[in-house]
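# A closer look at the structure
What follows is each chain in one-letter form.
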Amino acid sequence: MAKPIRWGIIGLGKIAEKFATDLVNVPHTQLHAVASTSIERAQDFARKFNVSNYYDSYEAIFKTPDLDVVYIATPHTSHAENAILCLKNKIPVLCEKPFAMNIKEVQKMIDTARENDTFLMEAMWTRFIPVIQKTQELIAEDRIGKIKTIHADFGFVAPFTPERRTLNPALGGGALLDIGIYPAYLSLLLLDYPTDIHAVSTFGQTGVDETTSFVFKYPQATALMNATFASRTRTEALIYGEKGYIHLPERFHESRTLTLYETDKEPITFTFERESRGYNFEIEEVNNCLRNNKKESVKMPLSMSVKLMSLLDEIRQKAGIHYEGIDG
Ligand SMILES: NC(=O)c1ccc[n+]([C@@H]2O[C@H](COP(=O)([O-])OP(=O)(O)OC[C@H]3O[C@@H](n4cnc5c(N)ncnc54)[C@H](OP(=O)(O)O)[C@@H]3O)[C@@H](O)[C@H]2O)c1
């Protein structure tokens, strides 16, 4: 029987709860420790998920015996600091997206992982969603021919809570880093790094980008993308090729179905039912890497995180998105 992988979580907010709900249902996986800035939150979370070790500081999590890996679920602005803390303690890390605030921070995280010979991966869960893997397979099988255009968007109306991380510039708020990362990642995954980038943003009351629209140019293809906190958009992706197209319906980055439209053929819909939210797939990838003593994932390698962060930095620079005291 596979050895259980014992997980810890740092930062017990919204995503930590969703992630934990999936984690406790992954076979041979245990939620072993949680750390918060608040002892009440740590206690409540521990009670809810039956966790024996809980702490009111992130540093304290390293006291936990037999801790195999930590999932970092704090705001973007804390990712680098929290990941580096774990890596220096030789604890493997799965860190939420965006990996950090800029490429300098990402490089420091990777250097620390290598210096300490410790596993590090960005929690880009989309990479492991079966529909996304099926999309890649269909493209590799030449079912739609060469990709010519990608259209992808992500939008919802963010409630006006200026202190919360989504709209708060001090916590890396804004549509691009929070949700624009998903269409950007889809293009990177399917077409690699663009040769040219165009981007524009509009800004909300708190100064963060409310909407960012961006276009990637490739030698023989383009990608048109949008991220917004101002409207509920379809949050779908269309991948158009020379011989047909693939439609990933709402919300494309975690979709359970896709439809393949081949020229002059009936459309085919592929469905991948699941009971989980979809975080189990990235958890299983981390478990497998750790069981096989891998220091990074082949599917979501650190080189991909470098490309993704460089892409976000470049979009920010083109669209004029700045974070006071953070830009590097
Ligand atoms: N993969 C996905 O589907 C997905 C979905 C949503 C969000 N995310 C990512 O996950 C991260 C967290 O998002 P979230 O929606 O869970 O945020 P959230 O609800 O605000 O929770 C973040 C938690 O981080 C801790 N924290 C540490 N320093 C903080 C500070 N200065 N201000 C506020 N909180 C601080 C707090 O937990 P403690 O007090 O308990 O330490 C807080 O509850 C973001 O980077 C986001 O991009 C990913």
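Everything numeric in this text was worked out from a predicted model, so none of it was measured. (Residues numbered from 1 in each chain as written. Predicted model: local features only at pLDDT ≥ 70, side-chain atom pairs only at ≥ 80, totals over all residues. Heavy atoms only, no water.)

All right, on to the environment of Asn226 then. In this structure, Asn226 sits in strand E10 (residues 221-228). For the pair Asn226 and Ala152, spaced 74 residues apart in sequence, the C-alpha separation works out to 6.7 Å. Not counting chain neighbours up to four residues away, the residues in contact with Asn226 comprise Ala152, Asp153, Phe154, Pro183, Thr211, Thr212 and Ser213. A polar atom in the side chain of Asn226 sits 2.6 Å from the side chain of Ser213. (Helix = DSSP H or I, 4+ residues; strand = E, 2+ residues; numbered from the N terminus. Contact = heavy atoms within 4.5 Å. Polar contact = N/O pair within 3.5 Å; in protein donor to acceptor, adjacent residues only side chain to side chain.)

Here we take up the side chain of Asp313. Topologically, Asp313 is positioned in helix H8 (residues 302-319). A distance of 3.0 Å separates a polar atom in the side chain of Asp313 from the backbone nitrogen of Ile103. When residues no more than four places from it in sequence are discounted, the contact partners of Asp313 are Met101, Asn102 and Ile103.

As a structural note, the neighbourhood of the ligand is formed by 24 residues, with Ser36, Thr37, Arg41, Tyr58 and Tyr279 the closest of them. Between the ligand and the protein, one listed contact pairs an oxygen atom with a side-chain N or O atom of Tyr58 at 2.4 Å. His79 places a side-chain nitrogen or oxygen 3.1 Å from an oxygen atom of the ligand. Considering the ligand on its own, with 890 Å² of exposed area, one finds that the protein chains cover 82% of that surface. Of all the secondary structure elements, the ones that give two or more residues to the shell around the ligand are helix H1 (14-23), helix H3 (76-88) and helix H6 (175-191). Mapped onto the domain boundaries, the shell around the ligand takes at least three residues apiece from domain 1 (5-125 + 279-298) and domain 2 (130-277). (Near = heavy atom within 4 Å. Areas by Shrake-Rupley, 256 points an atom, 1.4 Å probe, with all protein chains shown as cover. Domains from an automatic or database assignment.)

Once that is clear, we can look at the sheet that holds strand E8 (residues 196-203). Overall, mixed pairing links the eight strands, which are arranged E8-E9-E10-E7-E11-E12-E13-E14 in an open sheet. The sheet terminates laterally at E8 and strand E14 (268-271), the two strands that pair on one side only. Across the sheet, the mean angle from the axis of one strand to that of its neighbour is 10°, orientation sign disregarded. Packed on one face of the sheet, H6 meets strand E7 (147-155), strand E9 (209-218), E10 and strand E11 (237-241) and runs near 15° to E9. (Pairing = 2+ DSSP bridges. Axes fitted to C-alpha atoms, helices over the stretch in contact; angles between N-to-C directions.)

All right, on to the sheet that holds strand E4 (residues 69-72) then. Judged by pairing direction, the sheet is parallel, and its six strands sit side by side in the order E3-E2-E1-E4-E5-E6 without closing on themselves. Of all the strands in the sheet, just strand E3 (53-55) and strand E6 (120-122) have a single pairing partner and so form its edges. In this sheet, adjacent strand axes meet at a mean angle of 20° when their direction is disregarded. Sheet analysis places E4 next to strand E5 (residues 93-95), joined by three bridges and oriented parallel. Looking at the pairing, Val70 lines up with Val93 of E5.

To continue, consider a positive patch on the surface. A cluster of basic residues, Lys14, Lys18, Arg164 and Arg277, forms a positive patch on the protein surface. Following the sequence through the fold, Lys18 ends up in helix H1. Given a relative accessible area of 36%, Lys18 falls into the partly exposed group. (Patch = residues over 30% accessible without salt bridge, like charges linked within 9 Å, V, L, I, M, F, W, Y side chains within 5 Å. Salt bridge = Lys/Arg side-chain N within 4 Å of Asp/Glu carboxyl O. Lys, Arg positive; Asp, Glu negative; His and termini not counted. Charge placed at Lys NZ, Arg CZ, Asp CG, Glu CD. Buried < 20%, exposed > 50% of the residue type's maximum accessible area, 1.4 Å probe, protein only.)

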